[in-house]
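An overview of the molecular structure
Read off the chains here:
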Amino acid sequence: MATKLKKVNQSLKNIQSRSISLQLSSIQHNLEDMLSQNRLRTESVVGRKADVIKIVNLILSSCYEQVTVVSIVGLAGVGKTVLAKLVCQKVMALTRKPFDVKIWVCVSKNFSEHKILGEMLQSLNPSMGGLTNEDAILQQLKNELVSRKFLLVLDDVSNHKPRRRWDVLKTLLSRICTNKGNAVLVTTRSMEVASIMETSSQHSHQLNSLSNDECWLILKERAFGNVTTPVPLNLEAIGREIAKTCGGIPLVATFLGGVMGFNRDEETWLKIRHGGVLKERPVQDNLLMFIQIFHHLPSYLKSCFALCSNFLKAS
């Protein structure tokens, strides 16, 4: 533990050094305001009510199985993680709760059953986060989950050949849980991954892109907030054209809307509308678009992006 603390302290010192070189300064935020803003964004998710209802129903069918696996499949940025969060909120808010605990693990490219089990235990009991022996982790998980049902979210499973790893993890999960009615919710871009992990093809949900009108709603909310003042007609016309270039991807609409909100003028919006990448084709998983839009950000946000590059995905 002492070694880990030293590494954390050294990492913090490195971040501080880099922040000085990038001329960043600390900004005080009110925690309650930040939490309320986050809740607002969750409540204002566009076009996903039917998806939430379908996946909740699939998960609730898990009462007859020891572990039921439901998958959400879709393009990068289409909103799989946000949808999983909405589903968890809906399920855990039910009057008759079907699960005692919710556990969230971001898997990404490294599908390691040891890592997943360790993060499960740390989520249930933070004081056990230092365990490395797999048998000890399994025993502690069994202790934590005795007579309890769990909803486990495996977010962003990117490994295209997880069959062997998944078979091992599934076997270990069956050793941990003695009750029926547990569920695993998987988000992935790969139909192959979904077919390997899901309980059956009926337990898979393809998350489709949004409509142009829905993308415009996101752009408008991000650019103007929840104000009741009508959007100027000239900006709305340009904004709806920009919405068409989002390719139905809410992450793109959210990002562009944020940029548009910093400069609510026709000239800037036209630059975004007629930008090279946006002009050529709709955007789905296009890093070049984000690089181009980066140049429209205020200087202090560019510094924030530079600082964020120090952190691993989902860290």
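Just above, that's the structure.
Throughout what follows, the structure given in this document is the object of discussion. Just so we're clear, the structure is a prediction, and the values are computed from it rather than from any experiment.

Let us now look at the pattern of salt bridges. The tally for this structure, following the rule as stated, stands at eight salt bridges. For aspartate 213, the salt bridge identified is with arginine 240, shortest N-O distance 3.3 Å. Of this pair, aspartate 213 sits in helix α9 (residues 212-224) while arginine 240 sits in helix α10 (residues 233-244), and the two are 27 residues apart along the sequence. Since its relative accessible area comes to 34%, arginine 240 is described here as partly exposed. Close ionic contact of glutamate 241 with lysine 244 constitutes a salt bridge, the shortest N to O distance being 3.1 Å. Of the two residues, glutamate 241 and lysine 244 both sit in helix α10, three residues apart, roughly one turn of that helix. The class for lysine 244 is partly exposed, based on a relative accessible area of 45%. Ionic contacts of the salt-bridge type, sharing partners, join the residues Asp213, Glu236 and Arg240 into one network.

With that settled, consider the sheet that holds strand β2 (residues 101-108). Here we have five strands laid out as an open sheet, ordered β2-β3-β4-β1-β5, and parallel in their pairing. A strand with exactly one partner marks an edge of an open sheet, and here the two such strands are β2 and β5 (204-206). On average, each strand axis in the sheet is tilted by 15° relative to the strand beside it, whichever way the strands run. The sheet strands contacting helix α4 (residues 80-92) are β1 (67-73), β2, β3 (150-157), β4 (182-188) and β5, and the helix crosses β2 at an angle near 170°. The strands touched by helix α5 (residues 113-124) are β2 and β3; relative to β2, the strand with the most contacts, the crossing angle is about 145°.

Rules behind the numbers
- Residues numbered from 1 in each chain as written.
- Predicted model: local features only at pLDDT ≥ 70, side-chain atom pairs only at ≥ 80, totals over all residues.
- Heavy atoms only, no water.
- Salt bridge = Lys/Arg side-chain N within 4 Å of Asp/Glu carboxyl O.
- Helix = DSSP H or I, 4+ residues; strand = E, 2+ residues; numbered from the N terminus.
- Buried < 20%, exposed > 50% of the residue type's maximum accessible area, 1.4 Å probe, protein only.
- Pairing = 2+ DSSP bridges.
- Axes fitted to C-alpha atoms, helices over the stretch in contact; angles between N-to-C directions.
- Contact = heavy atoms within 4.5 Å.

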